[in-house]
Amino acid sequence: MDHLTELENKSIYIIRESYHQFGKIAALWSIGKDSTTLVWLCTKAFFGKVPFPVVYIDTGYHFQEMYDFRDHWAEKRGLNLIVARNDEALAAGMGPESKLECCTQLKTQALKDCIAEHGFDALLLGIRRDEHGIRAKERYFSPRDQQFQWDYENQPPELWDQYSAMADEETHIRVHPLLHWREIDVWRYIQRENLEINPLYFARDGKRYRSLGCRTCTNPIESDAADVDQIIEELLTSSTAERAGRAQDKEDTYTMQKLRALGYM
Amino acid sequence: MAAEAESLAFVMVGHIDHGKSTLIGRLLHDTDSLPEGKMEEIEEAARAEGRDVEFGYIVDHLREERERGITIDTAQTFFSSKTSGRDYVIIDAPGHKEFIKNMITGASQAEAVVLVCGVFEGVQEQTKRHAYVVKLLGLDQVMVAYNKMDQVGYDQARFLEVKKDMGEFLGRLGVQPTLEVPISAKCGDNVALRSENMPWYDGPTAVEGLDLFRKIPSPTEKPLRFPVQDVYEVDGERVAAGRVESGVLTRGQALRFLPGDQLLRVREIVQYGRDGVERAEAGECIGLVFDQADEVPPRGRVGYPEGEAANMTDRFRGTVFWLSPAPLEGEGAGLTFKCSTQEQPCRVAAIRERIDSGSLEHLPADAGRLEETEVGELVLATDGPVVLESFYDVQELGRFVLLRGRHVVAGGIVTHTQDAAV
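Residues numbered from 1 in each chain as written. Chains lettered and ligands numbered in written order. Predicted model: local features only at pLDDT ≥ 70, side-chain atom pairs only at ≥ 80, totals over all residues.

Comments concerning the overall build of chain A
- For chain A, the helix and strand inventory stands at 8 helices and 8 strands.
- Looking at the 265 residues of chain A, the share that counts as buried comes to 52%.
- In chain A, the share of contacts with a sequence separation of at least 24, taken over all contacts with a separation of at least 6, comes to 76%. (Helix = DSSP H or I, 4+ residues; strand = E, 2+ residues; numbered from the N terminus. Buried ≥ 20, exposed ≤ 12 C-beta atoms within 10 Å, placed from the backbone. Contact = placed C-beta atoms within 7 Å.)

Here it is, written out as structure tokens:
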């Protein structure tokens, strides 16, 4: 079995385990390459139709291309799309002056409200270990408590393919079916599956986005890679970090840990 | 497109403070595997906190880990060997006894082991415990890295002394190291670059040692086992979804599903986006449609080739590593046994042996309990029948966890699928 097929099968197994264990489950779709790959893997896991909702967190600061791609893909794939948005914070003028506060309000809080409203007990997320040191510490099934916090000092054991069920005191489980994929794996898989992907990743006027977030806090990289093949070529020779263009990783060394402990993705 | 590189996962184990995280940092640094700006970021974090730059910071990412100078949880990082072209997944495991569940979590995902032993202290309690655990988990490719050679003046005599102790201990476990290499992760000796400080050593470097690990073949050659994971309705048809755990499954094949003894013929192997799939091998997630359309086996049933005798049992022996601070007492009220997709309430019928995993000493088994980090040879009895294999025959159906309530409290392997009456 080749490497990509191995990664794919492991992810599908995890997706099916989570669907079996949890009654109310949804996939978080940020419109980026990883979560689009996640939604595609869910499609394959269930033979053509994702049997649960796909949640999009709208910060109000996303790129127009992301909204367009979202609507196009959701229709094409027949997704049950739920849009989560913290309208109250937006109306009060929340913006990226403080990244920790802004991400917490517009992403984490919006997600919390959405989970409460729909009663989800598990969420599938497309995070990967190689993205950030703090994500390298994650489990496939990761519990979040009442306060939505990640108890990273006391994670449950996870042996072989035995994933932990939810304990009573916990509010929901984060499921990470793509944890073992690397950035280059995702692109090679997109190439192999001929997956349609958000055009912001492809270079225009010598720049492209390598990681997507809010337009206020995401910077493009210098690049001439205008299609998937060229992106793969570029990654093979580049030594820049994938999230180098993401401001919330930089504010201080432990911002990502603080954000994630508070329930950030 | 270039040929796809092979990928191999290894776990880094050993006693607290013997330099596991530092070795990982050094490996990444000396093989040019760090992203641009990573070293600068670490230097800045160290400066801000008024401490020396540590290679361990690369993997010890939690603030608590850096402040205490220890690894708390297992992490995974990636690097590519320039010499072999192979991709590696490095699984870092904490060396503290209190984080043993995190160490086992990491080790259960690995194919090979790097056992790090600081030569100043030599073989310590967690060195032994970790070696024992990886052996239990069936990992038999072990490279020993004798670290901190700089602290003993690169002294060959000290290296040989620790190597002798280690050899005696590993010998008791039946582990034959693939390589034993003297290194200094801090100074970079014999990690990726050959050391000039130890002219008496002319063996491979640690990175070359990694390239000696063999890729564990997928269990395609073993007999077919197909546990049902779930049943879905697809276009009006009921499909039994699952992963082929071992062997090869072919279209048209007759399978016996146990428990329940259903004999069913595979009409179709379903994979999204593919038509006319004729076969599926170990590791593939598929769906099955049967000739007998209304007899779809539920989750937990295991498909066997027709005519093959099955190891169906409700009383068997296993070696169990206890992971919970709350000990096993007596029969272990409220335990659940989970193996593959099978799940059954179970009780401990007998504790045959009780072993201290840090010293390998046998403890009194008649006390009727098993404490955290202890290993037990148990007789387990499940309420209903389960289909098992000895771990040494088919790993995928020979490894299990025990849950109490909804928490995993132990991990184990099946040593005997039947227990002759005790």
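Next comes the rest of the description.
Looking at the nonpolar core
- With 177 residues, the main nonpolar core has Phe10, Met12, Ala107, Val113, Ala145 and Tyr146 of chain B as its most contacted residues.
- The dominant element in this core, judged by the number of residues it contributes, is helix H5 (residues 99-118) of chain A, at 7 residues.
- Among all residues touching Ala145 of chain B, those that are not within four sequence positions of it are Leu23, Val114, Val116, Val181, Ile183 and Ala206 of chain B. (Core = buried A, V, L, I, M, F, W, Y, C linked by C-beta atoms within 7 Å.)

Regarding the sheet that holds strand E21 (residues 374-387) of chain B
- The strand order around the closed barrel formed by 6 strands is E16-E21-E19-E18-E22-E23 (chain B), and the pairing between neighbours is antiparallel. Recorded for the sheet is a direction-independent mean angle of 45° between the axes of neighbouring strands. (Pairing = 2+ DSSP bridges. Axes fitted to C-alpha atoms, helices over the stretch in contact; angles between N-to-C directions.)

Observations concerning helix H5 (residues 125-136) of chain B
All names here are of chain B.
- With 12 residues, H5 ought to run about 16 Å at 1.5 Å a step, and its terminal C-alpha atoms sit 17 Å apart, in line with that.
- Burial analysis of H5 places 10 of its 12 residues in the buried class, the great majority of the element.
- By the burial criterion, the buried members of H5 are Gln126, Thr127, Lys128, Arg129, His130, Ala131, Tyr132, Val133, Val134 and Leu136. (Expected span 1.5 Å × (residues − 1).)

Looking at the domain arrangement of chain B
Residues and elements named next belong to chain B.
- Taken domain by domain, chain B comprises domain 1 (7-210), domain 2 (219-305) and domain 3 (312-416).
- Each of domain 1 and domain 3 was reduced to a C-alpha centroid, and the two centroids are 30 Å apart.
- Taken together, the contact pairs 12 residues of domain 1 with 12 residues of domain 3.
- Breaking the side of domain 1 that touches domain 3 down by element, the ones donating at least two residues are helix H4 (100-107) and H5.
- No other element matches H5, which puts 6 residues into the side of domain 1 that touches domain 3.
- A class-by-class count of the residues in the side of domain 1 that touches domain 3 yields 5 nonpolar, 1 polar and 6 charged. (Domains from an automatic or database assignment. Nonpolar A, V, L, I, M, F, W, Y, C, P; charged D, E, K, R; others polar.)

Side note on the pairing of strand E11 (residues 262-271) of chain B
All names here are of chain B.
- Of the pairings in the sheet, the one linking strand E10 (residues 254-258) to E11 comprises 4 bridges and is antiparallel in character. Bridge pairing in E11 places Ala254 opposite Arg265.
- Hairpin geometry of E10 and E11 is characterised by an intervening segment of 3 residues between the two adjacent antiparallel strands and by a positive phi of about 115° at Gly260.
- As paired elements, E11 and strand E14 (residues 285-290) share 4 bridges and run antiparallel to each other. Paired with Val266 across the two strands is Phe290, which belongs to E14.
- Summarising the sheet, E11 and strand E12 (residues 274-277) pair through 2 bridges and their orientation is antiparallel. Note that in E12 the partner of Ile269 across the bridge is Val277.
- Turn length for the E11-E12 hairpin, with the two strands adjacent in sequence and antiparallel, is 2 residues, and the turn residue Gly273 shows positive phi of about 85°.

Side note on the pairing of strand E6 (residues 179-182) of chain B
Residue and element names in this part refer to chain B.
- Bridging between strand E5 (residues 142-147) and E6 involves 4 bridges; their strand directions are parallel. In the sheet register, Tyr146 faces E6, and the bridge partner there is Pro182.
- For the crossover that starts at E5, traverses helix H6 (residues 156-173) and ends in the parallel E6, the hand is right-handed. (Right-handed = clockwise from strand over helix to strand, strands pointing away.)

Here's the deal with the packing of helix H1 (residues 3-21) of chain A against helix H2 (residues 33-45) of chain A
Residues and elements named next belong to chain A.
- Direction vectors running N to C along H1 and H2 enclose 75°, while the axes themselves pass 9 Å from each other. Judged by the angle between their axes, H1 and H2 are roughly perpendicular. Here Glu8, Ser11, Ile12, Ile15 and Arg16 of H1 come into contact with H2, specifically with Leu41, Cys42, Lys44 and Ala45.
- Across the contact of H1 with H2, the residue classes break down as 5 nonpolar, 1 polar and 3 charged. (Parallel < 35°, antiparallel > 145°, perpendicular 65-115°, else oblique.)

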